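Residue-level listing of the chains:
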Amino acid sequence: MEKTITIDQIEQAAQEAFDETKSLSGGVNAHYIPYLANIDPGLFGISITLLNGKCINIGDTSYRFGIESVSKVPTAILVMRQQGPEVLLNKIGADATGLPFNSIFAILLENDHPSTPLVNAGAISACSMVLPAGDSAGKWKAIVDNITELCGSAPVLIEQLYESESATNFNNRAIAWLLKNYNRIYDDVNMSLDLYTRQCSLGITSAQLAVMAATIANNGVNPVSGKAVFDEAITPKITSLIATVGFYEHTGDWLYTSGIPAKSGVGGGVIGVLPGVMGISAFAPPLDEAGNSVKAQAVMKSFVNKLELGIFNGNRVSVKY
Ligand SMILES: NC(=O)CC[C@H](N)C(=O)O
């Protein structure tokens, strides 16, 4: 079925969804990373970027928070840009783990690959694959430049967050060395782990993340800057990865109730991708037990369901410009 929606309808649904969910309580800030435990839990925003470049921002959408696991999405895209989707599939994989994002058990269960670039193991592996090999500064530049192109503006490292994560990332150190044991780290182990930790510590806003999501939804062309960032063949690959594991052990429940492929980070940010239609981002620090923002989920789900934008309902949605 063809379904046409107007920009007015989108703005109204976003405002209603925001108003309905802004007083929700529940969840706690990520407490295992000291910096994140201290962020104001009342921050809340939703951002939408349409494929004509129009941006809708409601709430705290210019607050710069830790990108955390949302960074796994751009770095998976970067590896595909540099080496192609097939290499990513063969060296890392595209399966759900059904387990927490930092699971060591998931690696032991599937010792032939780290499952997906969107959990910690696969993301550390992805950082090891980024080119130029063996060059920490060159790899870091590639990671940051890629995010900058996807968002149309640069992320900024939150030094305090980087120090906080580096001082407490013992579980991730175990993951990195276990992957090394299975020959799934393709560069220096400590360098790969450090790049992963640093990319998680990048500060980003929900306004920026919505542009990133829209670039994915727009087959790799950033709708705000107009720049062709990646080959259109990458969009279905990254969106399928996001749909498969974006909310970790809650991914199925999320897709069932919202119908939108989305990826969370423990900083409280979430991106949602509606291919061919729009990119969405929401942000609120308190998390559920799987590490997904409670209010970001609520506002995004409310917005998508109001307009029946879920990808499984057979609607071919177009926005009237
Ligand atoms: N789910 C997340 O956002 C986790 C990211 C965090 N830096 C970690 O590695 O534990």
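Basis of the calculations
- The written sequence of each chain sets the order in which its residues are numbered from 1.
- Totals for whole chains, interfaces and linings use all residues, but because this is a predicted model, local features are given only for residues with pLDDT of at least 70 and pairs of side-chain atoms are given and counted only at 80 or more.
- The basis for every side-chain value is the complete set of heavy atoms in the structure, and neither hydrogens nor water enter the calculation.
- As used here, the term nonpolar core means buried Ala, Val, Leu, Ile, Met, Phe, Trp, Tyr and Cys residues forming a set that is joined through side-chain atoms within 4.5 Å.
- Per-residue accessibility, obtained with a 1.4 Å probe over protein chains only, is compared with the maximum for each type, and a residue is labelled buried under 20%, exposed over 50%, and partly exposed between these values.
- The numbering of helices and of strands both runs from the N terminus, where a helix is a DSSP run of H or I of at least 4 residues and a strand a run of E of at least 2.
- Whether two residues are in contact is decided by their heavy atoms: any pair within 4.5 Å suffices.
- Proximity is defined per residue: if any heavy atom of the residue lies within 4 Å of a molecule or strand, that residue is considered near it.
- In the analysis that follows, any N or O atom pair within 3.5 Å is treated as a polar contact, provided that within protein one partner can donate a hydrogen and the other can accept it, and provided that, for residues neighboring in sequence, both atoms belong to side chains.
- Note on residue categories: nonpolar means Ala, Val, Leu, Ile, Met, Phe, Trp, Tyr, Cys or Pro, charged means Asp, Glu, Lys or Arg, and polar means any other residue, Gly included.
- Two strands make a pair as long as DSSP finds a minimum of two bridges between them.
- Multiplying 1.5 Å by the helix residue count minus one yields the expected span of that helix.

**With respect to the nonpolar core**
Here is step 1 of the chain: With 70 residues, the main nonpolar core has V73, I77, L209 and I238 as its most contacted residues.
Here is step 2 of the chain: The dominant element in this core, judged by the number of residues it contributes, is helix 7 (residues 136-151), at seven residues.
Here is step 3 of the chain: Setting aside its immediate chain neighbours within four residues, L209 contacts F65, I67, V70, I204, I271 and S281.

**Topic: the site of the ligand**
Here is step 1 of the chain: Taken together, Y32, E68, S69, F101, N120, E165, N172, Y196, C200, Y248, G265 and V266 are the residues near the ligand.
Here is step 2 of the chain: E68 places a side-chain nitrogen or oxygen 2.6 Å from a nitrogen atom of the ligand.
Here is step 3 of the chain: Between a nitrogen atom of the ligand and a side-chain N or O atom of E165, the distance comes to 2.8 Å.
Here is step 4 of the chain: Class assignment of the residues belonging to the shell around the ligand gives a composition of six nonpolar, four polar and two charged.

**Details of the sheet that holds strand 4 (residues 65-66)**
Here is step 1 of the chain: The three strands are arranged 4-6-5 in an open sheet whose pairing can be described as antiparallel. Bordering the open sheet on either side are strand 4 and strand 5 (156-157), each of which pairs with just one other strand.
Here is step 2 of the chain: Relative to strand 6 (residues 202-204), strand 5 is paired through two bridges, and the arrangement is antiparallel. Across the sheet, the residue bridging to V156 is G203, located in strand 6.

**Brief notes about helix 14 (residues 294-306)**
What sets the pattern is the α-helix's 3.6 residues per turn: residues three or four places apart point alike.
Here is step 1 of the chain: Over its 13 residues, helix 14 runs 18 Å from end to end, which matches the ideal 18 Å to within 8%, given 1.5 Å per residue.
Here is step 2 of the chain: Along helix 14, the residues that are buried comprise K295, A296, Q297, A298, V299, M300, S302, F303 and V304.
Here is step 3 of the chain: In this structure, the buried side of helix 14 is in contact with helix 1 (7-21), strand 2 (45-50), helix 13 (251-258), strand 7 (262-264), strand 8 (269-274) and strand 9 (278-283).
Here is step 4 of the chain: Between the side-chain oxygen at the start of helix 14 and the backbone nitrogen of A296 there is a gap of 3.1 Å, and the oxygen is on S293.

Any functional reading would require information that these geometric values do not contain.
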